[in-house]
Amino acid sequence: MTDLALLALGATILCCTLAVAGVHVYAAGRAQRQALVERLSGRSAIRTAAGRVRRFAGVDRRLRRTRLGREIHLRLTTTGLDLTAGEFASYVTLAVIALWLIAATALAPFFGPIAAVLGVWSAVIFLNWQRQRRIEAFIGQLPDVARLLANATAAGLALRTALAMAAEELENPAGEELARVADQLALGRSVDDALAELAERLPSRELVVLVTTLVLANKAGGSVVNSLRNLTQTLEDRKETRREIRTMLSEVNATAFTVPMIGLGSLLLVNSSSEGALERVTGNPVGQILVLVSLGLYTVGFFVIRRLGKIEV
């Protein structure tokens, strides 16, 4: 019996040792695989180029495999935000949960899901606004882009070299976008495809005109200096026109955001003057329908005012 007990004890120790070694080997292999995937995908799960710590790396990897994750990633690349799809989705989820709880507590439980939907909608609007802001900033730099390309071309530099030089001279977002074009050209992509992708990534009439001028000059040859210098003056004039229109429409845009705030303030005022009033109103189907109709009217008013203040230049 003693020999059997010693044999069983030895076998148990051996099995435990092998189990620990197996877990260690598995963990090391998994860590190496994750580091290899991150290195091959060009991402750093630890820090960004600016030194910021990446968060929610696991969520980002799983989300990027889905269609929604790829869509979020594409939208983020056009906004210039230093966020991954996993970080953005996690932050939005936390904000939606917080809005749900705040609305359900401050107003009534009926407003919790409505606040969550508004939170998701606000996130989409934020991405579109950030993208439009980046486009506007890029349009503001287009005269400098055309001027640098004209000077570089006049000095005898090739278009590829001129684009790389402009990327080094200009600030973001123009410097970052032109650097991306220069990297694509260095990898062997054609000038037409790289510039066409730039115009698709940051759609604007001014950029389309500049890209068309560069593509035609690259295909047909000839002097592009005069065309770029004339285009520089045109872009300067359009820049001033856009700034004047934006100044004149600032009051209209402020009104579009003020109207929904008035509705939210009215709800808070009613609930504070008579505690539990909103809960009693939303406690029956008729009150819920009326609240939804009023919220729909405020939403329609927001979009109508925004549409009236939108002028294409």
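None of these values were measured; they are calculated from a predicted model.

> Which residues make up the overall build of the protein chain, and what are the values?
Scanning the protein chain for helices and strands turns up 13 helices and zero strands. The order of helices and strands in the protein chain, counted from the N terminus, is α-α-α-α-α-α-α-α-α-α-α-α-α. For the protein chain, the proportion of its 313 residues judged to be buried stands at 31%. For the protein chain, restricting intrachain contacts to residue pairs at least 6 apart in sequence, the fraction spanning at least 24 positions comes to 62%. Working note: accessible area of the protein chain is about 19,600 Å², and carbon and sulfur atoms make up 64% of it.

> Any details on the nonpolar core? Residues and values, ideally.
Of all hydrophobic cores here, the largest spans 34 residues; its most connected members are L149, L163, L178, L195 and L210. The set of elements that each furnish at least two residues to this core consists of helix 5 (111–154), helix 6 (159–169), helix 7 (174–186), helix 8 (191–201), helix 9 (205–220) and helix 10 (225–248). Here this core takes ten residues from helix 5, the largest share from any one element. If we skip the residues at most four places from it in the chain, L163 touches L149, L178, V181, L185 and L195. Ranked by size, the runner-up nonpolar core spans ten residues in total, among them L76, A85, F88 and L127.

> Please provide a residue-by-residue account of the layout of surface pockets, values included.
Remark: the empty space left among the atoms is shown by a probe the size of a water molecule rolled over them. Considering only enclosed or pocket space, the largest pocket measures out at about 1,400 Å³ in volume. When contributions to the lining of the largest pocket are tallied by element, the ones reaching two or more residues are helix 5, helix 9, helix 10, helix 11 (250–273) and helix 13 (285–308). For the lining of the largest pocket, a count of residues per class yields 14 nonpolar, six polar and eleven charged. In this structure, the second largest pocket occupies an estimated 990 Å³ of space. Lining the second largest pocket are 33 residues; nearest its centre among them are L118, P260, M261, L264 and L295. For the lining of the second largest pocket, the secondary-structure elements that each account for two or more residues are helix 4 (85–106), helix 5, helix 11, helix 12 (277–281) and helix 13. Here the element with the most residues in the lining of the second largest pocket is helix 5; it accounts for ten residues.

> Tell me what's going on with the side chain of Q184, and back it up with residues and numbers.
Inspection of the secondary structure puts Q184 in helix 7. Look past the residues within four positions of Q184 in its chain and what remains in contact with it is R189, A194 and E197.

> Explain the packing of aromatic side chains to me, and be specific about the residues and the numbers.
Scanning the model with the defined rule gives six aromatic pairs in all. Between the aromatic rings of F110 and F111, the centroid separation amounts to 5.7 Å while the plane-to-plane angle is 80 degrees, which identifies the pairing as edge-to-face. Note on accessibility: F110 and F111 belong to one class, buried. Grouped by ring-pair contacts, the aromatic residues W121, F257, F302 and F303 constitute a single cluster.

> Tell me about the packing of helix 6 against helix 7, and name the residues and values.
At a closest axis distance of 8 Å, the pairing of helix 6 and helix 7 adopts a crossing angle of 145 degrees. Handedness of the crossing formed by helix 6 with helix 7: left-handed. Along the contact surface, helix 6 presents R160, L163, A164, A166 and A167, while helix 7 presents G175, L178, A179, V181, A182 and L185. Here the contact of helix 6 with helix 7 is built from residues that sort into nine nonpolar, one polar and one charged.

> Could you give an account of unusual backbone geometry, with specific residues and numbers?
Between N172 and the following residue, P173, the backbone shows a cis peptide bond with an omega angle of 10 degrees. Note that P173 resides in the loop between helix 6 and helix 7.

> Before we move on, could you go through helix 7 and cite the residues and values that matter?
In this model helix 7 runs 18 Å from its N-terminal to its C-terminal C-alpha over 13 residues, within 8% of the 18 Å that 1.5 Å per residue would give. Listing the buried residues of helix 7 in full gives A174, G175, E177, L178, V181, A182, Q184 and L185. Just beyond helix 7, the residue with positive phi is G188, at close to 100 degrees.

> Before we move on, can you summarise empty space enclosed by the protein with the specific residues and values?
As enumerated under the stated definition, the model contains one cavity of 30 Å³ or more in all. Its volume calculated, the largest cavity comes out at about 50 Å³. Around the largest cavity, the lining residues are V145, L149, L163, L178, L195, L198, L207, L210, V211 and L214. For the lining of the largest cavity, the secondary-structure elements that each account for two or more residues are helix 5, helix 8 and helix 9. Grouping the amino acids of the lining of the largest cavity by side-chain chemistry returns ten nonpolar, no polar and no charged.

> Tell me about the pattern of salt bridges, and please be specific about residues and values.
Going through the model one piece at a time under the given rule, you end up with eleven salt bridges. Put simply, R189 and E197 hold a salt bridge, and the shortest N to O gap is 2.3 Å. On the accessibility criterion, R189 (32% relative accessible area) is partly exposed. The residue E206 makes a salt bridge to R238 at a minimum N-O spacing of 3.0 Å. Here E206 is found in helix 9, whereas its partner R238 is found in helix 10, with 32 residues between them in sequence.

Here is what the cut-offs are and how they apply
Residues numbered from 1 in each chain as written. Predicted model: local features only at pLDDT ≥ 70, side-chain atom pairs only at ≥ 80, totals over all residues. Heavy atoms only, no water. Helix = DSSP H or I, 4+ residues; strand = E, 2+ residues; numbered from the N terminus. Buried < 20%, exposed > 50% of the residue type's maximum accessible area, 1.4 Å probe, protein only. Contact = heavy atoms within 4.5 Å. Areas by Shrake-Rupley, 256 points an atom, 1.4 Å probe, with all protein chains shown as cover. Core = buried A, V, L, I, M, F, W, Y, C linked by side-chain atoms within 4.5 Å. 1 Å grid on protein atoms, 1.4 Å probe; cavity = no way out; pocket = protein on both sides within 12 Å on 5 of 7 lines; lining within 4 Å. Points joined across faces, edges and corners; volume = space filled by probe spheres on them. Nonpolar A, V, L, I, M, F, W, Y, C, P; charged D, E, K, R; others polar. Phe/Tyr/Trp six-rings, centres within 6.5 Å; stacked < 30°, edge-to-face > 60°. Axes fitted to C-alpha atoms, helices over the stretch in contact; angles between N-to-C directions. Left-handed = near helix turned anticlockwise from the far one by under 90°. Expected span 1.5 Å × (residues − 1). Salt bridge = Lys/Arg side-chain N within 4 Å of Asp/Glu carboxyl O.

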